[in-house]
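# Coordinates in review
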Amino acid sequence: MNALLPALLATLAASTPAHADFDLSGLPAYQPAQKVSGTIRNFGFGLGGVLKLWEEGFRSIQAGVTFEDKLPTSDAAIPALVTGVTDLAPDGGEPAITEALSFFEVYGYPPTDIIVASGAFDVEGKSNGPVIFVHKDNPITQVSMEQLDGIFGAERTAGMRGFQWTPADGRGADKDIRTWGQLGLTGEWAGKPIQTYGHAPSGTTRFFQWKVMANGDKWNPNYREYVETGSKMIADEDRATQRLGLRHMLQEELAKNRHGIAWTVMPQAKGIDGVKPIAVVPRGSDRAVTPSIESFQDRSYPMVRNIYIYLNRKPGTPVEPRLREFLRFILSREGQRIVADNASYLPLTGALVREQLRKLD
């Protein structure tokens, strides 16, 4: 390892509080496959400063590389890749259907996505994964991903994979879940209708639809939508009261509605009494997983978000050496230690790192 990199990591650890002590020993140490040089253009999202830290760490080893960054927002990432003004497109989420279509229509193949970190559990604004909440008096303790589809979704003719409308992902109205009795509750709860709450259209909503509803957009007709309290999505006319903010919903609606269920992110629920998170059973499993920083980092929780770097790689062609080396560094033990010490996002597991490295071969 280059002598400068340990000093960089030590400085970072001293200046930014680590959120948890993650064991990264199973991740590969960065060993340069070759010496590279030239400029790497990044256009998209700066990942709250993590991208710059990766660049500093990489340049301490590969001094011949320089970076040219334009980092306004994730929304600029895929368009920059489509128009050819960037080499790498860092992005806090999955592309919208219009982005996926525009890239495919220009190049005839999809962009290559490399997962470089996991979204946060409870750090505000860091691609938080959805968590399920119910009223504190509700006896339910867990729900499956299939049940979430039945609760929040509605029958659909197909599901969306990328931009392809896929009949295999459709489902009938017989899978709808509209009462608490359908989830196994008895007595006074059995016949009570389930009132659903969640996010209005956003990147987080797009992720929930992908993970839970096969990318369908047919919701339970009683679904009530809100936006993140304090965010740019609050309308001017609602700025004073923020009645359509998620914190207002949790405090004034779910906390007062024993028959409600909501999905949102942990930062929006901090300090709110009267509601409780419940565990979720992943598809293909019979074990419920409680949302926590540990279950988000090890990805046993089924709704952890991904942080990506996209690139334009024509199938069958090699990745440009300087890009490959930089991405290998990001996916290394040193690169993921930067993620952990920055304490914004969560570092990847060894299994997921190996999966991403195979995409670079």
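Computed from a prediction, not measured in an experiment: that's the story for all the values here.

This paragraph deals with the environment of Ser74. Position of Ser74 relative to the elements: it lies in the loop between β2 (65-70) and α3 (77-82). Distance in space between the C-alpha atoms of Ser74 and Gly92 is 5.9 Å, their sequence separation being 18 residues. If we skip the residues at most four places from it in the chain, Ser74 touches Gly44, Phe45, Asp91 and Gly92. At a separation of 3.4 Å, a polar atom in the side chain of Ser74 contacts the side chain of Asp91.

Our next topic: the pairing of strand β5 (residues 131-135). Burial analysis of β5 places five of its five residues in the buried class, which makes it a mostly covered element. Looking at chain direction, β5 and strand β12 (residues 275-277) are connected through three bridges and run antiparallel. Along β12, the bridge assignment pairs Phe133 with Pro277.

Moving on, we get to the pairing of strand β9 (residues 195-199). Taken across its five residues, β9 has five buried, putting it largely inside the fold. Here three bridges tie β9 to strand β11 (residues 260-264), and the two strands are oriented parallel to one another. Opposite Tyr197, over in β11, you have Ala262 as the bridge partner. With three bridges connecting them, β9 and strand β10 (residues 224-226) associate as parallel partners. When the bridges of β10 are listed, Tyr197 appears paired with Arg224. Following the chain from β9 across helix α6 (residues 203-212) to the adjacent parallel β10, one finds a crossover that is right-handed.

Attention shifts here to the sheet that holds β5. Read from one edge to the other, the open sheet built from five strands follows the order β10-β9-β11-β5-β12, with strand pairing classed as mixed. The sheet is open, and its two edges are formed by β10 and β12, each paired on a single side. With direction set aside, neighbouring strand axes in the sheet form an average angle of 25°. Helix α5 (residues 145-152) contacts β5, β9 and β11 of the sheet and is inclined by roughly 110° relative to β11. Relative to the sheet, α6 contacts β5, β9 and β11, its axis offset from that of β11 by approximately 115°.

Our focus in this paragraph is helix α10 (residues 321-330). In terms of residue burial, α10 counts as a mostly covered element, since eight of its 10 residues are buried. Taken together, the buried positions of α10 are occupied by Arg322, Leu323, Glu325, Phe326, Leu327, Arg328, Phe329 and Ile330.

Relative to the elements of secondary structure, Asn215 occurs in the loop between α6 and β10. With 116 residues separating them along the chain, Asn215 and Glu99 place their C-alpha atoms 15 Å apart. When near neighbours in sequence (up to four residues on either side) are disregarded, Asn215 contacts Met160, Arg206, Gln209 and Trp210. One polar contact links the side chain of Asn215 to the main-chain carbonyl oxygen of Met160, over a distance of 3.0 Å.

A word on the pattern of salt bridges. Taken as a whole and judged by the stated rule, the model has 19 salt bridges. In this structure, Asp69 engages Lys52 in a salt bridge whose closest nitrogen and oxygen atoms are separated by 2.8 Å. Placement of Asp69 in strand β2 and of Lys52 in helix α2 (residues 50-59) is noted, with a sequence separation of 17 residues between them. Between Lys70 and Glu68 there is a salt bridge, with its nearest N and O atoms 3.7 Å apart.

Looking now at the nonpolar core. Membership of the largest hydrophobic core comes to 49 residues, with the highest contact counts inside it found for Ile132, Leu148, Phe152, Trp180, Phe208 and Met303. Contributions of two or more residues to this core are made by β5, α5, α6, α7 (246-252), β11, α8 (266-269) and α9 (293-297). Not counting residues within four places of it along the chain, the set of residues in contact with Phe208 comprises Pro130, Ile132, Phe152, Met213, Trp219, Trp263 and Met303. Membership of the second largest hydrophobic core comes to 43 residues, among which are Leu51, Val319, Ile338 and Leu348.

Our next topic: the packing of aromatic side chains. One pass over the full model with this rule turns up 21 aromatic pairs. Through successive ring pairs, a cluster of aromatic residues spans Tyr30, Phe58, Phe67, Phe326 and Phe329. Across the ring face of Trp210, the terminal group of Lys211 is positioned such that the distance to the ring centre comes to 4.6 Å.

Our focus in this paragraph is unusual backbone geometry. Phi at Leu47 takes a positive value of approximately 55°, unusual for a residue other than glycine. Its place among the elements puts Leu47 in the loop between β1 (38-43) and α2. The phi torsion at Gln242 lies on the positive side, around 50°, for a residue other than glycine.

Parameters and conventions
Every chain is numbered on its own, with residues counted from 1 as its sequence reads. Totals for whole chains, interfaces and linings use all residues, but because this is a predicted model, local features are given only for residues with pLDDT of at least 70 and pairs of side-chain atoms are given and counted only at 80 or more. Computation of side-chain values covers all heavy atoms of the structure but excludes hydrogens and water. The secondary structure listing takes helices from DSSP runs of H or I that are at least 4 residues long and strands from runs of E that are at least 2 residues long, numbered from the N terminus. Whether two residues touch is decided by their heavy atoms; if any such pair falls within 4.5 Å, the residues are in contact. Think of a polar contact as two N or O atoms within 3.5 Å of one another; within protein, one of them needs to be a possible hydrogen donor and the other a possible acceptor, and neighboring residues in sequence only count if both atoms come from side chains. For each residue, the accessible area found with a 1.4 Å probe, counting protein chains only, is set against the maximum for its type, and the residue is called buried under 20%, exposed over 50%, and partly exposed in between. Note on pairing: two strands pair once DSSP finds at least 2 bridges between them. Crossovers are marked right-handed if the path from the first strand over the helix to the second runs clockwise, as seen with the strands pointing away from the viewer. Inter-axis angles, ranging from 0 to 180 degrees, are taken between N-to-C directions of lines fitted to C-alpha atoms, where helices are fitted over the stretch in contact. By salt bridge we mean one thing: a side-chain nitrogen of Lys or Arg within 4 Å of a carboxyl oxygen of Asp or Glu. As used here, the term nonpolar core means buried Ala, Val, Leu, Ile, Met, Phe, Trp, Tyr and Cys residues forming a set that is joined through side-chain atoms within 4.5 Å. Between rings of Phe, Tyr and Trp, where Trp is taken as its six-membered ring, a pair exists when centres lie within 6.5 Å; planes separated by under 30 degrees are stacked, by over 60 edge-to-face, and by other angles tilted. Only lysine NZ and arginine CZ atoms are considered, and such an atom sits over a ring when it is within 6 Å of the ring centre and within 35 degrees of the ring normal.

Geometric values such as these leave the question of function open.
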